[in-house]
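Structural overview for review
Single-letter residue listing:
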Amino acid sequence: MNDLIVARPDGLYCPPGDFYIDPWRPVDRAIITHAHADHARTGSRHYMAARSAEQVLRTRLGDIALEAMDYGERVVHNGVTISLHPAGHVLGSAQVRLEYRGEVWVASGDYKTQPDPTCLPFEPVPCATFISESTFGLPIYRWQEPAAVFADIAAWWRGNADLGHASILYCYAFGKAQRILAGVRDAAALDTGPLVCHGAVEVLNEAYRRTGVALPPTQRVDEVEPTQLRRALVLAPPSAAGTPWLRRFGDFSDAFASGWMLLRGARRRRALDRGFVLSDHADWPGLQAAIVATGAQRVIITHGQIAVMVRWLRQQGLESSAFDTEYDEDAAEAGA
């Protein structure tokens, strides 16, 4: 039997179904695993995604023809049975399960195995072939428990507020920012000062709330008294660094939340006061555990630390190779 998913110039293609998964150029039919810019792009005629991704996708892509599916719901297209399953990466992230003539493939998109109150957890889906990312596919990448990271962020925020300095925390506008908001709420830090969000973050907070995700109250910078800005935790995309937008905060301390902050050189290059290691991707043990849990005998890697992950998989007795893709979240959104 021919492969159920192949790499084409426009993206990952299912020949019998005649559709693409996360295409990087406009196509007729696209199944979207999640709404980060390197996986969800404009211009396709018809989109399919998880129902919980709808508000974020429409916020980012505009008025698209979107078929929203519940997790676990099955539809048949050209004889291929399609279902979506939680990936644990961000709100609405999904693994795509395809079944055709008794063979099952799963394309995972991006995923993480740590808990996140803003999205459903990763669900292992049994399959013969599993298509996986490997963004942090090196043994050095091992994440702390999220609660410990959020406690560190809360302590940094309190210390800055006591000095009358705003706390500027750079992070993804989609996914990471909302996870941090939920995390500092759970770390009981909300009495420190206001939560202020850059406009690029706030518009996505609103999409989360419309989807039913509970987030603590947030404000835009022009809604906060200037004296209160000195006690604020400010969530902003990395693109805000060094811009005039920061002048209104006066003295501030800045930090970045990303898995890349595990590397000391990454923080030094950005000239930051702090780095918080927090990723929405699986770490090395998480990747290993997720792959093993699928029971797949064949694993295809799409991006990240491809050579290392393929070598490890082959050492486990699995068939492994890679697809050449244009997924690059670090370039698309400046952090992970």
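Note that the structure is a prediction, hence the values are computed from the model and not measured.

Cut-off values and rules
Residues numbered from 1 in each chain as written. Predicted model: local features only at pLDDT ≥ 70, side-chain atom pairs only at ≥ 80, totals over all residues. Heavy atoms only, no water. Helix = DSSP H or I, 4+ residues; strand = E, 2+ residues; numbered from the N terminus. Rg over C-alpha atoms; globule rule 2.2 N^0.38 Å. Buried < 20%, exposed > 50% of the residue type's maximum accessible area, 1.4 Å probe, protein only. Contact = heavy atoms within 4.5 Å. Areas by Shrake-Rupley, 256 points an atom, 1.4 Å probe, with all protein chains shown as cover. Lys, Arg positive; Asp, Glu negative; His and termini not counted. Charge placed at Lys NZ, Arg CZ, Asp CG, Glu CD. Salt bridge = Lys/Arg side-chain N within 4 Å of Asp/Glu carboxyl O. Pairing = 2+ DSSP bridges. Axes fitted to C-alpha atoms, helices over the stretch in contact; angles between N-to-C directions.

Turning our eyes to something else, we now look at the overall build of the protein. When you go through the protein residue by residue, the secondary structure sums to nine helices and 18 strands. Taken against the 2.2 N^0.38 rule, which gives 20 Å for 336 residues, the C-alpha radius of gyration of the protein at 20 Å falls within 12% of a compact globule. Its C-alpha atoms put the protein at 65 × 45 × 30 Å along the principal axes. Counting only residues that meet the buried cut, the protein has 58% of its 336 residues in that class. Taking all contacts inside the protein whose residues are at least 6 apart in sequence as the whole, residues at least 24 apart take part in 60%. Element-wise, carbon and sulfur atoms account for 48% of the exposed surface of the protein, whose accessible area totals about 13,400 Å². Each charge sign in the protein was given a centre, from 33 positive and 39 negative side chains, and these centres are 3 Å apart.

Counted by the stated rule, this structure contains 16 salt bridges. A salt bridge links Arg-25 to Glu-326; its shortest N-O distance comes to 3.3 Å. Of this pair, Arg-25 sits in the loop between β3 (19-21) and β4 (29-31) while Glu-326 sits in the loop between β18 (319-322) and α9 (329-333); the two residues are 301 residues apart in sequence, bridging distant segments of the chain. In this structure, the salt-bridge partner of Arg-185 is Asp-186, at a minimum N-O distance of 3.2 Å.

Turning to the environment of Arg-8, a few remarks are in order. Along the polypeptide, Arg-8 turns up in strand β1 (residues 6-8). Along the sequence, Arg-8 and Leu-262 sit 254 residues apart, while their C-alpha atoms lie 34 Å from each other. With residues up to four places along the chain from it excluded, the contact list for Arg-8 reads Tyr-13, Tyr-20 and Trp-24.

Further remarks concern the sheet that holds strand β2 (residues 11-14). Strand order in this open sheet of six strands is β1-β2-β3-β4-β5-β6, and the pairing throughout is mixed. Edge strands, defined here as strands with exactly one partner in the open sheet, are β1 and β6 (66-69). Sheet twist, expressed as the average angle between the axes of neighbouring strands with direction ignored, equals 30°. Relative to β3, β2 runs antiparallel, the two being bridged by three bridges. The residue of β3 that forms the bridge with Tyr-13 is Tyr-20.

The next thing to look at is the environment of Arg-268. With respect to the secondary-structure elements, Arg-268 resides in helix α6 (residues 264-269). Residues Arg-268 and Ala-53, 215 residues apart in the sequence, show an inter-C-alpha distance of 35 Å.

All right, on to the sheet that holds strand β13 (residues 195-197) then. Strand order in the open sheet formed by five strands is β13-β14-β12-β15-β16, and the pairing between neighbours is parallel. Both edges of this open sheet fall to β13 and β16 (274-276), since each of them pairs with a single strand only. Ignoring strand direction, the axes of neighbouring strands in this sheet form an average angle of 25°. As judged from the three bridges shared by β13 and strand β14 (residues 233-236), these two strands associate in the parallel manner. From the neighbouring strand, Leu-195 faces β14, where its bridge partner is Leu-233.

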